[in-house]
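# Structural features, examined
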Amino acid sequence: MTDQSAMYRKYAPEVFRFALYLSGNHADAEDITSETFVRAWTARESLEMSTLKGYLLTIARNLFLQQLRRTSRARALHEDIQDPSPGPDLEAEARAAHAAVMARVQQLPEIDRAALLMSAVEGVPYGDIARALGISLPAVKMKIHRSRLALSQLEHSQ
């Protein structure tokens, strides 16, 4: 097994999940994931394993932003994101709750959404998020805190 295939197996699910949450589209997330690894493998600089996940998520975010600029329109989440919960009633409830949360997440500004997802979903340390987004560490903490508050307020207003 090559280093590239090991890197892909380890990080592809996380990059895909991050791209899916950013884009809200399964096909776009697959494209972003593929292109992320192509760019990482063809990069001239050497890759450090300690910062590899943050580096890959940064590439994925930049690809998403490029795509967003090209299409210049926001996309709603597709309803084909399914929760694997057993039972049709539990599955329907979980799907409705997930759709509501994702709709609320999509209302956040892109940089706030990226910071929140990197932290909450991907477990990226705040320092790596700051470097990936090109903002200060206090700004990352503030964006994540405000995003969580905004999601909480949206939940209580519904």
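Structure: see above.
Read on for an overview of the structure. (Residues numbered from 1 in each chain as written. Predicted model: local features only at pLDDT ≥ 70, side-chain atom pairs only at ≥ 80, totals over all residues. Heavy atoms only, no water.)

## Some remarks on helix α4 (residues 88-106)
Defined as follows: A run of H or I in DSSP becomes a helix once it reaches four residues, and a run of E becomes a strand once it reaches two; helices and strands are each numbered from the N terminus. Here, expected helix span is obtained from the residue count minus one, scaled by 1.5 Å. For each residue, the accessible area found with a 1.4 Å probe, counting protein chains only, is set against the maximum for its type, and the residue is called buried under 20%, exposed over 50%, and partly exposed in between. Taken from the helix axis, the directions to the C-beta atoms give the arc we talk about.
End to end, α4 covers 26 Å across 19 residues, agreeing with the expected 27 Å (1.5 Å per residue, within 8%). Residues of α4 that are buried: M102, R104 and V105. Seen end-on, α4 carries its buried residues on one side only, within an arc spanning 155°. More than 90 degrees from the buried face of α4, the exposed residues found are P88, D89 and E93.

## Details of the packing of helix α2 (residues 26-42) against helix α3 (residues 52-71)
Where we set the bar: Inter-axis angles, ranging from 0 to 180 degrees, are taken between N-to-C directions of lines fitted to C-alpha atoms, where helices are fitted over the stretch in contact. In these notes the angle categories are as follows: under 35 degrees is roughly parallel, over 145 is roughly antiparallel, 65 to 115 is roughly perpendicular, and the rest is oblique. Note: crossing handedness is left-handed where the near helix turns anticlockwise from the far helix by less than a right angle, and right-handed where it turns clockwise. Pairs of residues are marked as contacts when any of their non-hydrogen atoms sit within 4.5 Å.
In the contact formed by α2 and α3, the axes pass within 9 Å of each other and the chain directions differ by 125°. On the basis of the axis angle, α2 is oblique to α3. Every pair of crossing elements has a handedness; the one defined by α2 and α3 is right-handed. Contacts between α2 and α3 involve D28, I32, E35, T36, F37, R39 and A40 from the first element and Y55, L56, I59, A60, L63, F64, Q66 and Q67 from the second.

## What about the packing of helix α1 (residues 3-23) against helix α5 (residues 110-120)?
Condition: In this classification, the charged set is Asp, Glu, Lys and Arg, the nonpolar set is Ala, Val, Leu, Ile, Met, Phe, Trp, Tyr, Cys and Pro, and all remaining amino acids, among them Gly, are polar.
Two elements in contact, α1 and α5, have axes separated by 10 Å at closest approach and are oriented at 150°. By the angle between their axes, α1 is roughly antiparallel relative to α5. Between α1 and α5 the crossing geometry is right-handed. In contact with F18, Y21 and L22 of α1, α5 contributes E110, R113, A114, L117 and M118. Residue composition of the contact of α1 with α5, by class: 6 nonpolar, no polar and 2 charged.

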